[in-house]
Amino acid sequence: MADAAASGAPGVAVCALYRFVVIDDVPALQQELLEAMESHGVMGSLLVAPEGVNGTVAGSAAGINGLLEHLNSDSRFAGITHKLSYTATNPFARRKVKIKKEIVTMGVEGLNPSDASLVGAYVEPKDWNALISDPDVVVVDTRNDYECQIGTFRNAVNPKTEAFTEFPKWVGANLAGARQAKKKIAMFCTGGIRCEKATAYMKKEGFGDVYHLKGGVLKYLEDVPAGESLWDGECYVFDERVSVNHALQRGEHVLCDFCSKPVHPANDPLYTPGLCCAACHATLDDARRERYAARQLHAERAGALGLPHTGAAVGDGVRKRKLEKLAAKDEARKAAKLQTGADATVITVQSGDPL
């Protein structure tokens, strides 16, 4: 299987995947994918919608390969776009498959990214530098502002959106001239999914030459040597790693405990662990500042003693016990299904929930 997880790779394999394709049996596919994740010991989150599948999962190389083989056995997902990276510990504490209206929310009714007439030109990572170095090409970062702030391609336009749903409005307000001039538009995102949907929207709106980076920034960082790269900074990722560097190793950014924005501790003089960063510093009143500072102090003292602290970020020991507890619940759920033939309740921990 192409692009399989390396069996000898250290740590945990992390796989970001997606496919735009019409799904008629969304609830059935939800259950099928959850069972496939369980059987291969894979954690993470997948979204299923009438327009396709999207998500990021993690597990052993064998487990990830097993899930990919399962997906590839279905003609709808044969050759599914996916990107592999590796990390020391599993960045997910739970497995879940959720049904959504869209696998990436843009909010444009009737847009079908799998419509062949709306598919733009895929650009391989090795050919991306030449395209975006053309001064007549408009390079657009389709990600949100907080993602662009920690890394982007040179000369790329940052729409400064807070959510992908704002992208259509930005296009209407800022790219009408480029459409009239029939300029080439080159777009990119983290793994390829947002720029693929953005391409479909722009084609529908009458833009002609629309290109997007195949496999997204993550594939570019994997394929293009750092010495030849036009990428500056780190790339934001949607798991506890926060960011990855050009070698696809965990980056130097962390999430602010108060506003959850990515922050580089060395570059933010207002960043205080457990308290705030430059983005939210002015919003904290004295009472809240004292409360958060006290919580952080208790967390640091507990950490020095090797003890868990409920107000702190999840420590390795706490995470290990939580993962063991969740694994036990999964085993109990499987046993209940075998005994009764009925599906047991799936308990999910949402992003941002205390673990």
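Here the structure is a predicted model, which is why all the values come from computation and not from measurement.

Engineer: Lay out the confidence of the model for the protein with the relevant residues and their values.
Structural biologist: Where the model shows low pLDDT, its predicted coordinates should not be examined in detail. Across the protein, the average pLDDT comes to 85, with 84% of residues at 70 or higher. Residue range residues 312-323 is modelled with pLDDT below 50. Its contacts to residues more than four positions away, or to other chains, number 14 contacts. When the criterion is pLDDT under 50, residues 340-355 qualifies, and its contacts beyond four places in sequence or with other chains add up to 28 contacts.

Engineer: Describe the packing of helix H3 (residues 125-132) against helix H8 (residues 216-223), with residues and values.
Structural biologist: The N-to-C vectors of H3 and H8 enclose an angle of 105°; their axes lie 9 Å apart at closest approach. Regarding the angle of H3 to H8, the classification is roughly perpendicular. Judged by residue contacts, Pro-125, Trp-128 and Asn-129 of H3 engage Lys-219, Tyr-220 and Asp-223 from H8. Along the lines of polarity and charge, the residues of the contact of H3 with H8 split into three nonpolar, one polar and two charged.

Engineer: Tell me about the packing of helix H1 (residues 26-39) against helix H2 (residues 61-72), and name the residues and values.
Structural biologist: Where H1 contacts H2, the two axes come as close as 9 Å, and the packing angle between them is 150°. Comparing the axis directions of H1 and H2 gives the class roughly antiparallel. The handedness of the crossing between H1 and H2 is right-handed. Counting all contacts with H1, which are made through Glu-32, Leu-33, Ala-36 and Met-37, the residues of H2 involved are Leu-67, His-70 and Leu-71. Considered class by class, the residues forming the contact of H1 with H2 number five nonpolar, one polar and one charged.

Engineer: Tell me about the nonpolar core, residues and numbers included.
Structural biologist: A general trend in soluble globular proteins is that nonpolar side chains are found buried together. Residues Phe-167, Val-171, Leu-175, Ile-185, Met-187 and Met-202 are the most contacted members of the largest nonpolar core, which totals 27 residues. When residues of this core are traced back to their parent elements, those giving at least two are strand E1 (12-20), strand E7 (137-141), helix H5 (167-174), strand E9 (184-188) and helix H7 (193-204). For this core, the element with the highest residue contribution is H7, accounting for six residues. Those residues in contact with Ile-185 that lie beyond four places of it in its chain are Val-138, Val-140, Ala-178, Met-202, Phe-207, Asp-209, Val-210 and Tyr-211.

Engineer: Can you explain H3? Please cite residues and give values.
Structural biologist: Buried residues of H3: Pro-125, Trp-128, Asn-129, Leu-131 and Ile-132, and no others. The buried residues of H3 occupy an angular sector of 165° when the element is viewed end-on, so they sit on one face. Away from its buried face by more than 90 degrees, H3 exposes Lys-126 and Ala-130. Along its buried surface, H3 packs onto strand E6 (121-123), E7, strand E8 (151-153), E9, strand E10 (210-213) and H8.

Cut-offs and rules
- Residues numbered from 1 in each chain as written.
- Predicted model: local features only at pLDDT ≥ 70, side-chain atom pairs only at ≥ 80, totals over all residues.
- Heavy atoms only, no water.
- pLDDT = per-residue confidence, 0-100.
- Contact = heavy atoms within 4.5 Å.
- Axes fitted to C-alpha atoms, helices over the stretch in contact; angles between N-to-C directions.
- Helix = DSSP H or I, 4+ residues; strand = E, 2+ residues; numbered from the N terminus.
- Parallel < 35°, antiparallel > 145°, perpendicular 65-115°, else oblique.
- Nonpolar A, V, L, I, M, F, W, Y, C, P; charged D, E, K, R; others polar.
- Left-handed = near helix turned anticlockwise from the far one by under 90°.
- Core = buried A, V, L, I, M, F, W, Y, C linked by side-chain atoms within 4.5 Å.
- Buried < 20%, exposed > 50% of the residue type's maximum accessible area, 1.4 Å probe, protein only.
- Arc of directions from axis to C-beta.

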